[in-house]
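Fold and geometry: a report
Residues per chain are reported as follows:
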Amino acid sequence: MKAILTLDNLASSLVTTIWTPVFVAIFLAIIVYAFWPRNKAAFDEAASLPLREE
C-alpha cells in the first residue's frame, strides 16, 4: 500500500522539520539574552520599578 501525500502529511512534515528547530533556536536566544551578565543591571532596575516610591 502506498502512502498518499496529503496536505495534512505535508503540513506535519513542514512543522517538524522546519518550524520546531526555528522556535527552539528563538527560545534559546531569549534564554541566553535573559541570563547574559551585561543585562543584569537593566533587569535589576526593571525589577525594582514596582517597589519604587516617587
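Note: the structure precedes this text.
For the structure given in this document, a descriptive report is provided here. (Residues numbered from 1 in each chain as written. Predicted model: local features only at pLDDT ≥ 70, side-chain atom pairs only at ≥ 80, totals over all residues. Heavy atoms only, no water.)

Things to note about the side chain of Asn 39
Our working definition: Put simply, DSSP H or I for four residues or longer makes a helix, DSSP E for two residues or longer makes a strand, and each gets a number counted from the N terminus. A 1.4 Å probe rolled over the protein chains alone gives each residue an accessible area, and that area as a share of the maximum for its type sets the label: buried under 20%, exposed over 50%, partly exposed in between. Whenever two N or O atoms come within 3.5 Å, that pair is a polar contact, provided that in protein one can donate a hydrogen and the other can accept it, and provided that, for residues adjacent in sequence, both atoms are side-chain atoms.
Inspection of the secondary structure assignment puts Asn 39 in the loop between α1 (7-35) and α2 (40-48). When its relative accessible area of 10% is taken as the criterion, Asn 39 is described as buried. Reaching out from Asn 39, the side chain makes a polar contact with the backbone oxygen of Tyr 33 at a distance of 2.8 Å.

Brief notes about a nonpolar patch on the surface
To keep it simple, the criterion reads: Patches here: salt-bridge-free residues with over 30% relative accessible area, like charges joined within 9 Å, nonpolar side chains (Val, Leu, Ile, Met, Phe, Trp, Tyr) joined within 5 Å. Only the protein chains shown count as cover for residues, and all accessible areas are computed by the Shrake-Rupley method using a 1.4 Å probe. By definition, a salt bridge exists where a carboxyl oxygen of Asp or Glu is found within 4 Å of a side-chain nitrogen of Lys or Arg.
On the surface, a nonpolar cluster with roughly 730 Å² of combined accessible area is contributed by Leu 14, Val 15, Ile 18, Trp 19, Val 22, Phe 23, Ile 26 and Ile 30. Tracing the sequence through the fold places Val 22 in helix α1.

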